[in-house]
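Overview (structure and organization)
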Amino acid sequence: MHPTPTHQPVPEHTAVTDGEPPTRRIALGVAYNGKPYLGWQTQPGGRTVQDTLEKALAAFTCEPTPTICAGRTDTGVHARAQVVHVNTLVDRRMESWVRGVNAHLPPEITVRWARQMPEDFHARFSAQSRTYVYLLRNERILSPHWHGRAGWDFHPLDLNAMQQAAKYLVGQHDFSSFRSSQCQAANPIRTVEHLDIVQEGAFFVFTLRANAFLHHMVRNILGCLLFVGKGRHEPDWIAQVLAQCDRKMAAPTFMADGLYFAQASYPGHFGLDSLDYFDVNRPLQALLFDV
């Protein structure tokens with residue numbers, strides 16, 4: 001969702017020559033509370049999830065350890081299961097990767113699992129889809145316990161109207177109306193495979209799965225769906241916004257607080273599903289259990 005980083009990409013596995021140890025590709029499942037951080041992508045000031053994780057990895061491996069992630073997140077956005085890969089000469093047990101890296105991380109970031117991967121695995125390019133969940137508290141006054149962890153709107157919301165509007169976004173479309181003006185993606189075409197909205201008590205829970213997302217795409221979709229939910233537009237207005245391919249036609253970008261990177265899905269032969277199963281039919285329960 002972020003622009004293309006200036007961070008140098010992780011090189012592919014290097015060939016093993018006589019006397020040289022093999023390079024290993026390690027995948028990590030990383031969860032984080034994004035509220036204190038300026039997003040995933042490295043920045044000169046260092047106050048990002050990537051910078052913090054790479055500092056911890058360097059302390060654990062005793063070597064610079066660049067990372068590649070499945071999907072870059074914005075300032076304040078959280079992750080239940082960001083997938084990261086690194087290339088390293090270090091040979092450690094997988095449990096040592098988890099406990100060793102966590103020993104150097106602040107409490108807002110945690111490595112949940114580690115798995116040695118084949119050399120053709122790539123955290124970003126091997127991913128077949130990404131799933132985001134947005135938690136919205138719909139109540140008169142937002143509880144301080146959910147500050148930074150859930151979005152908030154006090155207006156009455158029409159669940160059925162939002163569900164009808166969401167149907168227009170499923171499928172392959174040009175999502176130019178829902179991309180940030182700073183988005184550097186070469187192509188605005190994306191395929192939304194799943195967009196579901198449910199209400200559980202004070203929560204409205206939005207679950208979106210797509211092959212990939214544009215910068216601010218989820219939060220811009222949220223802003224438009226909430227306009228429909230508040231009665232400012234009919235559900236078919238979403239189809240008009242989509243067809244215009246013009247960001248100025250859509251609603252303002254909604255707050256980052258309740259957005260979670262929930263899962264990246266990979267081909268079955270990589271074996272990551274058993275480590276990171278996420279039930280899109282019960283997103284609230286999955287998040288509350290894991291986060």
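Thresholds, definitions, all that
- Residues numbered from 1 in each chain as written.
- Predicted model: local features only at pLDDT ≥ 70, side-chain atom pairs only at ≥ 80, totals over all residues.
- Heavy atoms only, no water.
- Salt bridge = Lys/Arg side-chain N within 4 Å of Asp/Glu carboxyl O.
- Helix = DSSP H or I, 4+ residues; strand = E, 2+ residues; numbered from the N terminus.
- Buried < 20%, exposed > 50% of the residue type's maximum accessible area, 1.4 Å probe, protein only.
- Contact = heavy atoms within 4.5 Å.

**So, the pattern of salt bridges**
- The tally for this structure, following the rule as stated, stands at 10 salt bridges.
- Here arginine 112 and aspartate 276 are joined by a salt bridge, their closest N and O atoms 3.2 Å apart. Placement of arginine 112 in strand 4 (residues 109-117) and of aspartate 276 in the loop between strand 10 (259-265) and helix 6 (283-290) is noted, with a sequence separation of 164 residues between them.
- Given a relative accessible area of 30%, arginine 112 falls into the partly exposed group.
- Using a relative accessible area of 4% as the deciding quantity, one classes aspartate 276 as buried.
- The shortest N-O distance in the salt bridge between arginine 137 and glutamate 139 comes to 3.1 Å. A single burial state applies to arginine 137 and to glutamate 139, both of which are buried.

**Here's the deal with helix 2 (residues 94-102)**
- Regarding helix 2, the residues found buried are Trp97, Val98, Gly100 and Val101.
- Its buried side turned inward, helix 2 meets strand 1 (24-32), helix 1 (49-61), strand 3 (78-88) and strand 4.

**With respect to the environment of glutamine 172**
- Structurally, the position occupied by glutamine 172 is in strand 7 (residues 171-174).
- A relative accessible area of 59% means that glutamine 172 is categorised as exposed.
- Separated by 81 residues in sequence, glutamine 172 and aspartate 91 have C-alpha atoms that sit 43 Å apart.
- With residues near it in sequence (within four places) discarded, glutamine 172 still touches Ile189, Arg190 and Thr191.

Keep in mind these values describe shape, not function.
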